[in-house]
Amino acid sequence: MKINHHLDESTLVSYVAGSLSQGMALVVATHISLCEKCRESVIETEAIGGALLEQMDSSEISDTSLETILSQLDEEPIAEPEKGVTDESDGLVPPPLRSYIGESLDSINWRRLAPGFAYVDIFTEGAGVCRLLKVSPGKSILPHGHRGSELTLLLRGSFSDEIGRFAQGDIADLDDQVEHQPLVDKDQGCICLVATDSPLRFTTLLGKLLQPVTGF
Amino acid sequence: MEDWTGTLVKMASTQDKSLYVLLYRHFAPKVKAYITRLGVSEATADELTQETMLNMWRKAHLFDPAKAAASTWLFTLARNQSIDWMRRQKYPEYSLDRMEKSLEEASDPDTAEKHVSSYRMTQVINQLPENQAQVIYMSFFEGRSHAEIADRLMIPLGSVKSRIRLAVEKLKLTLRGEA
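Residues numbered from 1 in each chain as written. Chains lettered and ligands numbered in written order. Predicted model: local features only at pLDDT ≥ 70, side-chain atom pairs only at ≥ 80, totals over all residues.

Engineer: Can you help me understand the packing of helix H4 (residues 63-72) of chain A against helix H3 (residues 42-59) of chain B in this one?
Structural biologist: In a packed pair of helices, the relevant descriptors are the angle between the two axes and the axis-to-axis distance. The contact between H4 of chain A and H3 of chain B brings their axes to 11 Å, and the two run at 40°. Comparing the axis directions of H4 of chain A and H3 of chain B gives the class oblique. The element H4 of chain A and its partner H3 of chain B pack so that their crossing is right-handed. Every residue of H3 of chain B that contacts H4 of chain A at Ser65, Ile69 and Gln72 of chain A is listed here: Asp46, Gln50, Met53 and Leu54 of chain B. (Axes fitted to C-alpha atoms, helices over the stretch in contact; angles between N-to-C directions. Helix = DSSP H or I, 4+ residues; strand = E, 2+ residues; numbered from the N terminus. Parallel < 35°, antiparallel > 145°, perpendicular 65-115°, else oblique. Left-handed = near helix turned anticlockwise from the far one by under 90°. Contact = placed C-beta atoms within 7 Å.)

Set out below in structure tokens:
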């Protein structure tokens, strides 16, 4: 998969530190499962976590804690490896997302939002929204800005906005400085996974009217 | 400096409990200190530390020294254990586990080098300008999102991100042995 748009380093740090909202962490994990470059970047960023751990002042641990754990080791089941990286076949949902929406992008129970737009909400704890969005070919998403951050991962199809063209596997990692209006390419509809850490801010009157409906 | 990565690899292949004790004595107090800083009670920190250290035993055969030093791997185990406890949902992750490699491939010539840079990294972290170190600490030890850090420091979101980027750039150069 040829991926041109990657995660911002600062987003990767938040992900690795465990400080992203659940929804945004899900989008990041899904992108990483598709993107070798960001996978390498995560490994480097995790080494920062390792160095921080190594320099921690040690807390007190009682000797009985060690005794207890040693008596348990023989009964511990050995862990099986998890499958974490996506194979390339189109239509398959990347592994981190599967426990939320199932295995196939073609068997999703869409809810119609407006002509050309459908969505499924993904339940995630905490602040912000996480949702799968399906947009028909040639449609434009209303111009909007963000109070916080917004992550958009293309799972199928492509769109273009003020920043560039985004295709399968690409991620748009935007903060409150950016206002954009994605236009879906004409040959194929697109499916994307979007997460925000606060509500979006639509910039047109129509967008403001629709906001209660779209929920972003 | 002890080669903890080598010790972990050896423990995985031999199931030698005396090696486990060495690793436990070194890492458990640090893991507990990290978990405590995330803001949980002493009793919970003890419990999560024990779970993390049990996972070190259960998952040791999945540890890949080509990808990470022992301290890095322990950090990810402790992080996942804490987040899964704090949230009802499992923290979304792709797997850093070894895919399909035999144990013979596990001994890695780069291991020692990684330890040097981990030590060097600690120095570089300590030399970061205060405003960069602050955002790194708030991310890693307080679990704060960019927006929360921006609110707390009363600076724009963009400034939080650029401070983190500047800090990470220096740290990664160190890691690659270029600084």
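What follows continues from the structure just given.
Engineer: When you look at the sheet that holds strand E7 (residues 165-166) of chain A in this model, what are you seeing that I'm missing?
Structural biologist: Sheet strands associate in pairs through backbone hydrogen bonding, adopting either a parallel or an antiparallel arrangement. All names here are of chain A. The sheet built from three strands is open, its strands ordered E7-E6-E9 with antiparallel pairing. With partners counted over all chains shown, the strands left at the sheet margins are E7 and strand E9 (183-184), one partner each. Judged from the two bridges that link them, strand E6 (residues 159-160) and E9 form a sheet pairing that is antiparallel. Opposite Phe159, over in E9, you have Val184 as the bridge partner. (Pairing = 2+ DSSP bridges.)

Engineer: How should I be thinking about helix H8 (residues 157-175) of chain B in this particular structure?
Structural biologist: Residue and element names in this part refer to chain B. Spanning 19 residues, H8 covers 27 Å between terminal C-alpha atoms, matching the ideal 27 Å at 1.5 Å per step. Taken together, the buried positions of H8 are Leu157, Val160, Lys161, Arg163, Ile164, Ala167, Val168, Leu171, Thr174 and Leu175. Seen from one end, H8 has its buried residues packed into an arc of 160°, which puts them on one side. Just downstream of H8, Gly177 is the residue with a positive phi angle, here 75°. (Expected span 1.5 Å × (residues − 1). Buried ≥ 20, exposed ≤ 12 C-beta atoms within 10 Å, placed from the backbone. Arc of directions from axis to C-beta.)

Engineer: Sorry if this is basic, but what is going on with the nonpolar core here?
Structural biologist: Side chains of a nonpolar character, in soluble globular proteins, are inclined to be buried together. Val28 and Cys192 of chain A together with Leu8 and Leu74 of chain B are the most contacted members of the largest nonpolar core, which has 97 residues in total. At nine residues, the largest contribution of residues to this core is made by helix H2 (residues 17-37) of chain B. Two domains each put at least three residues into this core: domain 1 (4-106) and domain 2 (128-175) of chain B. (Core = buried A, V, L, I, M, F, W, Y, C linked by C-beta atoms within 7 Å. Domains from an automatic or database assignment.)

So far we have only geometry, and geometry alone does not tell us how the molecule works.
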